[in-house]
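# Breakdown of the fold
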Amino acid sequence: MTTMRITINGKAYGPTEIRDELSMNDYLREYLGLTGTKFGCGMAQCLSCAVIVDNPDGSSQTMPTCIVPAKNFAGKSIRTIEGHAQNGQPSVLQKAFVEHFSFQCGYCTAGFVNEGQVLLERLAKKPVARADLDKTIQEALNGHICRCTGYVKYHEAMRDVILADAKRYVS
Amino acid sequence: MNAATRLGLLVSMTFALALAPAMSVKSAGPTATLATPESFSSIGDTAARSAALFAEAGKVLTSARCVNCHPAGDRPLQTDAGRLHQPPVERGADGFGAVSARCSTCHQGANFDPAGMPGHAHWHLAPREMAWQGKTVGEICVQVKDPARNGGRTLAQIHDHMTNDSLVGWAWAPGYGRASAPGTQKELGALLDAWIKTGAVCPT
Amino acid sequence: MELSRREFVKLMTSSGIALSVSHATFAQTPAFATRETLPGRQSWNPAATGVGRIDGLAKVTGAKLYASDFRAADLPGWPANTSHAMLIRATDATHVFTGIDLSRLSGALKPSRVVTAADLATAGIRVPAFYAQADLFCPVGKTPLYLGHPVALLIFEQFDAFDQARMALRDPSCVNYGQETGAVAIAPFGAYRFVRVAGSTPGAPDVYSPMQAGWVTPRRFLNVDLPVWAPANQKGPADAQASFYGEQIRAGLAANNPDQLVLDREFQTQSIDPMFLEPESGIAWYDPKSKSLELVVGVQSPMEATESVAYLLGNARGSFKPALIHTHCAYMGGGFGGRDHTTMPLYVALAAMFYPNRPVRLANNRYEQFQSGIKRHPFKMRSRMGVDRATGKIRAFAADHRLDGGGLANFSAQVATVGATAAIGMYDIPKVDVSTVVFHSRAVTAGSMRGYGTTQVLTALEVLIDEAAAALRLDPIEFRRRNALPTNGQTMAGNALIGVTRTDEVLAKLANHPIWQDRATERARALQQRAGILVGTGVACVNKDFGTGADACLASVEVSPEGRITIRSDAVEMGTAIGTALANRVAAIIGGVADEVAMAQVDAFAPLGLVTSGDPFSITQAAQDAASRNPRWVAEISSPSSASVGAHFSTHAAFEAARVIFRFGLWPAALDLWGIAKTDPRARQWDTARWQQRKLAIPGLPPLDLASVAAKAHARGGVTAAMVHGFNRWSWTNASFKIAGETYTADIDALAVRTGTGTAKARSGSTTSDRFVPLNRTSINIPPAINERIGVAYASTCGTLVRIEIERATGSVRIANAYSVAECGQPLVPEVVVGQMQGGFAMGVGQALLETMPLYEDGPGNGKWNLGEYVVPRATDMPLNGLEIEVLPPLKPDDPPKGMAEVVMIPVIPAILNAIYDATGHRFQSLPVTQAMLKGVLK
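Anyway, here's the lowdown on the structure attached to this text. Quantities reported herein were computed from a predicted structural model and do not represent experimental measurements.

### Remarks on the interface of chain B and chain C
With nine residues of chain B at the contact, the number on the chain C side is eight residues. Regarding the contact of chain B and chain C, the summed buried area is about 690 Å², with carbon and sulfur atoms giving 46% of it. Viewed at the interface, chain C and chain B are joined by one salt bridge. The residue E869 of chain C makes a salt bridge to R83 of chain B at a minimum N-O spacing of 2.9 Å. Joining chain B to chain C, the criterion identifies four residue pairs in polar contact (both at pLDDT 80 or more). When its residues are assigned to classes, the side of chain B that touches chain C shows five nonpolar, two polar and two charged.

### Notes on unusual backbone geometry
Here the residue pair Q86 of chain B and P87 of chain B is connected by a cis peptide bond, since its omega of 0° sits within 30 degrees of zero. Considering the arrangement of structural elements, one finds P87 of chain B in the loop between strand 2 (83-84) and strand 3 (97-98). The phi dihedral of Y452 of chain C falls on the positive side, at around 55°, and the residue is not glycine. Take Y452 of chain C: its relative accessible area is 19%, and that puts it in the buried class.

### Considering the sheet that holds strand 2 (residues 11-18) of chain A
Residues and elements named next belong to chain A. Here five strands make up an open sheet; going across it, the order is 2-1-5-3-4 and the pairing mixed. In this open sheet, the two strands that pair with only one neighbour each are strand 2 and strand 4 (60-63). Neighbouring strand axes in the sheet, compared pairwise and without regard to direction, differ in orientation by 35° on average. Both strand 3 (residues 51-54) and strand 4 contribute to a ladder of four bridges, which runs antiparallel. By the bridge assignment for strand 4, D54 is matched with S60.

### Some details on empty space enclosed by the protein
Residue and element names in this part refer to chain C. Per the counting criterion, the structure on display carries 19 cavities of 30 Å³ or more. Along the wall of the largest cavity there are 23 residues; nearest its centre are Y146, T343, S372, L408 and T445. Estimates place the volume of the second largest cavity at around 130 Å³. Lining the second largest cavity are T421, A422, I424, G425, Y427, L485, T491, M492, L497, N543, V792 and A795. Here the lining of the second largest cavity is built from residues that sort into eight nonpolar, four polar and no charged.

### Considering the interface of chain A and chain C
Counting from both sides, the interface comprises 50 residues of chain A and, opposite them, 64 residues of chain C. Both sides of the chain A and chain C interface together cover about 4,800 Å² of buried area, and 57% of this is carbon and sulfur. Interface area lost by chain A to chain C is led by F101, Q104 and R147 of chain A, which between them contribute 19%. The interface formed by chain A and chain C contains nine salt bridges.

### Digging into the nonpolar core
Judged by nonpolar contacts, the single largest core of 221 residues is most densely connected at F397 and I590 of chain C. At 15 residues, the largest contribution of residues to this core is made by helix 19 (residues 652-674) of chain C. In contact with I590 of chain C, not counting residues within four places along its chain, are V557, V559, I565, A658, I661, F662, L666, W691 and L706 of chain C. Listed in part, the 44 residues of the second largest apolar core include M4 of chain A together with F97, V151 and F156 of chain C.

### Looking at the sheet that holds strand 26 (residues 704-705) of chain C
Residue and element names in this part refer to chain C. Across the sheet, three strands lie side by side as 24-25-26; this open sheet has antiparallel pairing. With one partner strand each, in any of the chains shown, strand 24 (690-692) and strand 26 form the two edges of the open sheet. Inspection of the sheet shows strand 24 paired to strand 25 (residues 695-697) by three bridges, in the antiparallel sense. The residue bridging R690 from the neighbouring strand is A697, located in strand 25.

### Thoughts on the pattern of salt bridges
Pairing is possible between side chains of opposite charge, provided their charged atoms come close. On inspection of all chains with the given rule, the structure shows 66 salt bridges over all chains. Between E558 of chain C and R754 of chain C there is a salt bridge, and its shortest N-O distance comes to 2.9 Å. Of the two residues, E558 of chain C sits in strand 21 (residues 551-559) while R754 of chain C sits in strand 30 (residues 750-755), which places them 196 residues apart along the sequence. Across the salt bridge formed by K892 of chain C and D895 of chain C, the nearest N and O atoms sit 3.1 Å from each other. In this structure K892 of chain C comes out as partly exposed when scored by relative accessible area, which is 48%. Sharing partners across several salt bridges, the network here consists of R19 and D26 of chain A together with D160, D163 and R166 of chain C.

### So, the packing of aromatic side chains
Residues and elements named next belong to chain B. A full pass over the atoms with the stated rule returns 29 aromatic pairs over all chains. When the ring of W123 is compared with that of W170, the centres are 4.9 Å apart and the planes differ by 90°; the resulting orientation is edge-to-face. Taken together, the residues span a long stretch of sequence, with W123 in the loop between helix 4 (103-106) and helix 5 (137-145) and W170 in helix 7 (residues 166-170) at a distance of 47 residues. Owing to a relative accessible area of 11%, W123 belongs among the buried residues under this scheme.

How each quantity is defined
- Residues numbered from 1 in each chain as written.
- Chains lettered and ligands numbered in written order.
- Predicted model: local features only at pLDDT ≥ 70, side-chain atom pairs only at ≥ 80, totals over all residues.
- Heavy atoms only, no water.
- Contact = heavy atoms within 4.5 Å.
- Buried area = accessible area lost by both parts, 1.4 Å probe.
- Salt bridge = Lys/Arg side-chain N within 4 Å of Asp/Glu carboxyl O.
- Polar contact = N/O pair within 3.5 Å; in protein donor to acceptor, adjacent residues only side chain to side chain.
- Nonpolar A, V, L, I, M, F, W, Y, C, P; charged D, E, K, R; others polar.
- Helix = DSSP H or I, 4+ residues; strand = E, 2+ residues; numbered from the N terminus.
- Buried < 20%, exposed > 50% of the residue type's maximum accessible area, 1.4 Å probe, protein only.
- Pairing = 2+ DSSP bridges.
- Axes fitted to C-alpha atoms, helices over the stretch in contact; angles between N-to-C directions.
- 1 Å grid on protein atoms, 1.4 Å probe; cavity = no way out; pocket = protein on both sides within 12 Å on 5 of 7 lines; lining within 4 Å.
- Points joined across faces, edges and corners; volume = space filled by probe spheres on them.
- Core = buried A, V, L, I, M, F, W, Y, C linked by side-chain atoms within 4.5 Å.
- Phe/Tyr/Trp six-rings, centres within 6.5 Å; stacked < 30°, edge-to-face > 60°.

Below, the structure is given as structure tokens:
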């Protein structure tokens, strides 16, 4: 058993006693009712379960929740899909995904939003050359499976968000 | 079984291993064992005995548990069948994964059996020069001995790595859904020790 | 169950159970219906300005929308705790099932309830006919009918026990087997033969056709599933004539005629999983006090799911029979046909009934979804095509199809017939003989999946067409053009396609595209300059049907005094943007985009008082005539969302409801505001009115904004809301109604209207039944029963070009460029049409190159398949910057929309195979063509 404390979207949760075998995905969805983080495969193949982990050093990365025990997230600060919009206003990336019609059934979208957001924050710290942009987006998003869209509009939205603020993201 | 027959068997096994087709990384199965160094004492010729000892150790080195992270290319393999890793991840600049897909993101500090997910604190790919996929036991032997391709290690350091490294040790506690490497890490160490003491001869 | 302001209406009674798809309203916790009615008045509506989907904001912010999102605590009035259930499934279908051993589940891991076949028998549970090929749980002493056949349901009070138990049950199997019996054999799910012999001159009646003679089935079967057709007799009954003409056609193809090129080829396709991202699940609660069962499920067939659960429990004893069943139908994380008519709602209902007063959730993980989810039928096809060498015209075509239907029948018979009647695709062939058999096996159930048989047959056909063109040294596109079925041409069932056929336009687009024009130079360039790379180009063009031949639609549209619009529809959302499509189609008529669209509504249409009887696919003319004298009778009340029906069919009722509101509410109000008298000729010129940016304009008068017109409509008591039902059997039912002293005729069969409410205040979650008054139809014209013989009637065309690069050393394929062009009438949400074409392309790539599963013990029925084994396309498999999509504009501005979501997935598959031939000289005759197979043919 582990005592689980975690910060999610700026809010502190716990302490809660949890089994060591409890997956992070089940902790979010069954214990906390935060079902914006999805369950797609349980094998880290589709990444519809991915959340953002914000590290103390200021870096962030996504992490699947289906194949990681909840206890590995103890003490961490994470962002889920529910935490991107502020006061009902979607983030720049969320707005772009909507306006580009990037998703259809929407089940993979939380994962794409988290991954895309981490990419934006990474590029803001370390921009890439324009010539490397498509490859960079592809490498970042390729872990995410979508069955509806063929990915094209997700990538277009990412590119447009980045190029709309090229000074910040592109060197 | 008399010594001659056993020798015949061992030699033919070595021969068979040497001729093994490129992709045969057959798992030895959960109950596969390793022979003790003593059981090779009936091989009179020291060089032949040395090669046979390494061939036995080669059962571990060519098992899925090892070859999967010693791939020929830049993509790991997975499962007992040694198929290409899904999702399609790659070694990245440092062998620990691409920027957006670090190995440790999914393969965390320990196995997570509820999901059948293997893990270890240092999960990563062996460098390209240490690729074992598609190689015979003899070729792997030569490679392992070559400082240019074994990370500049002496034979003693090779032995230490194989016997004591905890990532290597993972191969015998690989978690749910995965067959262990044959024998135990200690037994592997004993075989390699005996191999070194008999001149570290490589099987052909 | 305490719910305030709740209405449940007797939509129908099945065995004394009241059914309802209602929505509950509750003060604090948002009602299910509130969550699922999008976008909602307080939220950003991207569709209002065309910049996004109605459900866009909800989906991108992770709102609770999908069945798998809901727990008991989210559902107003439910007890707070969620219990969890799991199914134990057999992985052996060749030995007798002798029982399960749960001894390893001790202490806290012990299930609170175990349900087996014996419990269902004791409770008097019935299996609905559609699923009745097998027991819901295999009883002890019987061999499971199929791999993955459930044998027991385990229910755990708390999640932690459930979580630990499912781990403990993984290995070794807890299911025990005894004597070997071999696989269970049951009768084939369907077999048909379609023969057509055209008249000898254009325009002459067919000599023989399915339209004339009816559909032919075998006289009997040999060895379980080999059809024996009637002995040939030109003067005999219909099936004997079919045999006569069919054998003549085959003899002609077999004859050694030097004037005729005959290709005789076998092609086979693989088992495919729809692999929608959200595994099937449901949560349900049975309240024994009120005898009320409530379910939350995500299904493409809300009406059928509700009726099936009612039948399941309709004869049950005592506490197992509810008095009331409410089904809440959620948005779906993908469907593709795999959520239409599945057993999941039945098991969800059973979980609740066997664990009363405690909400229970049943959810597949991905292994279980692969193990139990509906699959695409693998086809084995032998096809023979005879082409006149001199003219390049196809003279005859014969084919035999065999489909493995897996365990349950599901839609196997329909997939077989759709596949058979699509076997000649877009071509005009005067002599056709196609037989099809779909048989049972122990494989996982195959059923409806995007394409529904056409994916398989059109792939085989377009590869065969390409081979014929090459053999005749004809340009492949010219060969297609020469043989294309023109507008009003007869299909192989003997009916004419409806509407204008645009295959010529699509072929011309393909022919003129640079990918096609440059194919030879690109191939040569690679050979010269790119060592180790082979380049090839492929083309394919298909015409695919949309609609099922019995498509019903239900909708209501309301305009508030402020001009805000609410739409309710029985269609369901699985990604197709049907909500936005509804809103856009309605907006064109009444000026504004809805800000409340509620999907999966069925009992919201209670005021229509609809009744039905018979099977709309097989009812006789006499029975239909008699039944339709009842002004409340319709051939079918509500249909599943499938078969590309969204655009053309599902939006139809809302479109017609909007027309009634415009004609009898907004238009008269506008006339008042403009001061146009009833006697003025302009008063009847509603067709000249146009909406722009929520303003109504006719030439020469100042535009009126929607809010003013709506307010006026309410104030003067005009029609401000309408509720409509429509039914289509390859044409719309048409009826007349008396409204405001006029006879109004439209393509609908039921209508209720609500007139101006004066100062109605917005009430969220209110039902639309307040003061809707049903109008009796004064005449009705239902499409005739003979239309049931039609195979394809409505169709859309899509053509695809691909340029591929093959790496010699590895056999890996990269799609360098592609072009896909389609026509779909009026695109209701153009960006979504493009998105569907991109997604369809990706799905096609998967089926051409990546996806496959063995059928039996090594396949997903063994419970060991996940995305590591079943590889679906990722972004890297797509030509992200190299895929050009074109949607042809409608021929006329007011053309209706046409269904397209399936057709756009198909031509890419044979185009890839044809490109592989172009690059390598090897013509593959099966799917998928994997990297290993390609490497094997490259020396």
